[in-house]
Amino acid sequence: MDLLQEIQRRRTFGIISHPDAGKTTLTEKLLLFGGAIQEAGAVKSNKIKKGATSDFMEIERQRGISVSTSVLAFIYKGKKINILDTPGHKDFAEDTFRTLTAVDSVIVVIDVAKGVEAQTEKLVEVCRMRNIPMIVFINKLDREGKDAFDLLDEVEQKLGLKVVPLSFPIGMGYDFKGIYNIWEKKLNLFSGDAKQKVTDGIEFTDLDDPELDKMIGEKAAETLREELELVREVYPGFDKEAYLNSEIQPVFFGSALNNFGVKELLDCFIEIAPSPQPKMSNTRLVDSKEDKFTGFVFKIHANMDPKHRDRLAFVKIVSGIFKRNTNYLHVKHGKKMKFSSPNAFFAEKKEIVDESFPGDIVGLHDTGNFKIGDTLTEGEILEFKGVPSFSPEHFRYVNNADPMKAKQLAKGLDQLMDEGVAQLFTLDLNGRKVIGTVGALQFEVIQYRLEHEYGAKCSYENLNVHKACWVEPEDKQSEEFKEFKRVKQRYLAKDKKGQLVFLADSAFTVQMTQQKYPTVKLHFVSEFK
Ligand code: G4P
């Protein structure tokens, strides 16, 4: 197979949802179709225990397992499918945001009873900003839930999507009879012993066929005809280009737990979902079909064994073929590196590979050379955009609790920040260090890991910060910017890259500051140019 064929058969995507909507269950069923796992329950262990607040061991265990489940790959109908894991727990949202820079499309899972939930809104917003093609899967149809049309309305309104139903449920909960697959014009019946079975569905091009009444009952058949008529009237027809341009989002209904409606989703997905897409760099758009290899690090995972401090850097291949034992340029360091044992990921295992193609993820053993966002090329000086840091939500001063271990603390903090566990800010005024995280859980994770992996101890001190705002003055020499710096001196800090950050104590402060200094732009994301 040549490079072009390898690219065309790849689908790299992420599944996003609010916790408990059924992401893990769906992932597992998808893997079953690929023959990648033998039984259900294999992916389950990847989940952060529900309601976990301070169970470090659990977190550690999860981290270890998720090295192998970070990327789940399998072959289905000749397509190579790479699912990138996106942690559902809100405290790990930053991880998910970064993973979204490496996917070419996403599947959004929504619980039919709960509808659109907070975490789904946030994640979909990030996907919308990046124009990532999305397919929606409405799950748990075997339970009582919201009316299908109401739910479609809710998805449009709360998520700002333009939906196109490609399947439609027949009844729900106790009365759930199955789905009509609009995409393939097939009827899939859900009944007693067939629940766990994967059937191909019955072709039904003419819905007026009286056979339909016999199969699902007159009343249900009538309702289905009316509802499908309404679907035709209300929603636009499916258009692949519009989906790829993120203008419309196809919707499927089903029940992941019962493996119902999942095959329909997957069959449509492999047909319509994009193969590896071009990616913008600081110098030019890099096309996946280019011969020369390029890729970027979107995730770094610490080794589970604290005695071996090596890490695994996850590289998404953007173009060309990545080859084992070949010299590549680490653009930021201007250094040539080669990798003797790059890992490729399959359902539950990882193994050393000689070659990987665009869309694939390789895991590179790293002793501290990589940071999230780093680019590798065959020599060209370019850096991929789009692994931004978002403003953290929680902030605390970090203090050294063991004066003998200052070095260890500095090193530990440095490496944990490279991994993207949290963000570190250094105050301009006094050099004090402030850690910012997305969730409160991270503070405990950091303290625990500093102690167990680096032998350093830290304590925290509260600090009243609402948001970190990255500062962009229109003119660095302007009087306005000088005044801003003088007045806000106490609240100014540098992030790890040395960018200027204003730590604002309230939303009101952000608004007032922006009004008072209109030429000094404040951003909630670290990458804004
Ligand atoms: P998540 O990864 O999005 O957090 O969700 P997960 O797949 O773990 O599913 C959350 C719960 O919802 C699980 O139940 C799972 O079995 C259930 N579930 C998933 N899909 C369906 C479905 O189609 N129908 C129904 N009725 N339930 C579904 P749990 O009791 O929390 O976990 P478990 O004890 O089953 O493992």
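Residues numbered from 1 in each chain as written. Predicted model: local features only at pLDDT ≥ 70, side-chain atom pairs only at ≥ 80, totals over all residues. Heavy atoms only, no water.

1. Considerations on the overall build of the chain
To be explicit about the condition: Working definition: helices are DSSP H or I runs of at least four residues, strands are E runs of at least two. Numbering for both runs from the N terminus. Working definition: with a 1.4 Å probe on protein chains only, accessible area under 20% of the residue-type maximum means buried, over 50% means exposed, and in between means partly exposed. Note on definitions: a residue-residue contact is assigned when non-hydrogen atoms from the two residues lie within 4.5 Å. Calculation of accessible area relied on Shrake-Rupley with a 1.4 Å probe; when residues are assessed, cover is drawn exclusively from the protein chains displayed.
When you go through the chain residue by residue, the secondary structure sums to 14 helices and 31 strands. Among the 529 residues that make up the chain, the fraction classed as buried is 55%. A separation threshold of at least 6 residues defines the contact pool for the chain, and within that pool the share at least 24 residues apart is 72%. About 23000 Å² of surface is accessible on the chain, with carbon and sulfur atoms providing 49% of the total.

2. Quick word on the pattern of salt bridges
We count it as follows: The rule for a salt bridge is simple: a side-chain nitrogen of Lys or Arg has to be within 4 Å of a carboxyl oxygen of Asp or Glu.
A complete count under the given rule lists 30 salt bridges for this structure. Bridged by salt links that share partners, the residues Glu6, Arg9, Arg10, Lys80 and Asp360 form one connected network.

3. Structural notes on the packing of helix H11 (residues 406–418) against helix H12 (residues 441–454)
Convention followed: As a rule, the C-alpha atoms of each element are fitted with a line to give its axis, helices using only the stretch in contact, and angles between N-to-C directions run from 0 to 180 degrees. Any angle from 65 to 115 degrees is called roughly perpendicular, while one under 35 is roughly parallel, one over 145 is roughly antiparallel, and all others are oblique. In this scheme the crossing of two helices becomes right-handed for a clockwise turn of the near helix relative to the far one and left-handed for an anticlockwise turn of less than a right angle. Classification convention: Asp, Glu, Lys, Arg as charged; Ala, Val, Leu, Ile, Met, Phe, Trp, Tyr, Cys, Pro as nonpolar; all other residues, Gly among them, as polar.
Running from amino to carboxyl end, H11 crosses H12 at an angle of 120°, the nearest separation of the two axes being 10 Å. Accordingly, the angle class assigned to the pair H11 and H12 is oblique. Seen from above, H11 lies across H12 with right-handed handedness. Residue-level inspection shows Gln408, Leu409, Gly412, Leu413, Gln415, Leu416 and Met417 of H11 in contact with H12, the latter providing Ile446, Arg449, Leu450 and Tyr454. Residue classes in the contact of H11 with H12 are distributed as seven nonpolar, three polar and one charged.

4. Quick look at the packing of aromatic side chains
Our working definition: Only rings of Phe, Tyr and Trp enter the pairing, Trp through its six-membered ring, and a pair is recorded when the two centres are within 6.5 Å. The plane angle decides the type: under 30 degrees is stacked, over 60 is edge-to-face, the rest tilted.
If you walk through the whole model with that rule in mind, you get 23 aromatic pairs. Between phenylalanine 293 and tyrosine 328 the ring centres are 4.5 Å apart and the planes differ by 50°, which places this aromatic pair in the tilted class. In this pair, phenylalanine 293 is assigned in the loop between strand E13 (285–286) and strand E14 (294–302) and tyrosine 328 in strand E17 (residues 328–330), connecting sequence segments 35 residues apart. In this pair, the class of phenylalanine 293 matches that of tyrosine 328, namely buried. Considering the side-chain rings of phenylalanine 395 and phenylalanine 425, the 6.3 Å spacing of their centres and the 40° angle between planes classify their relative orientation as tilted. Of this pair, phenylalanine 395 sits in strand E24 (residues 394–400) while phenylalanine 425 sits in strand E25 (residues 423–427), placing them 30 residues apart in sequence. With respect to burial, phenylalanine 395 and phenylalanine 425 carry one shared label: buried. Grouping aromatic residues by their ring pairs yields a cluster made of Phe293, Phe322, Tyr328, Phe339 and Phe370.

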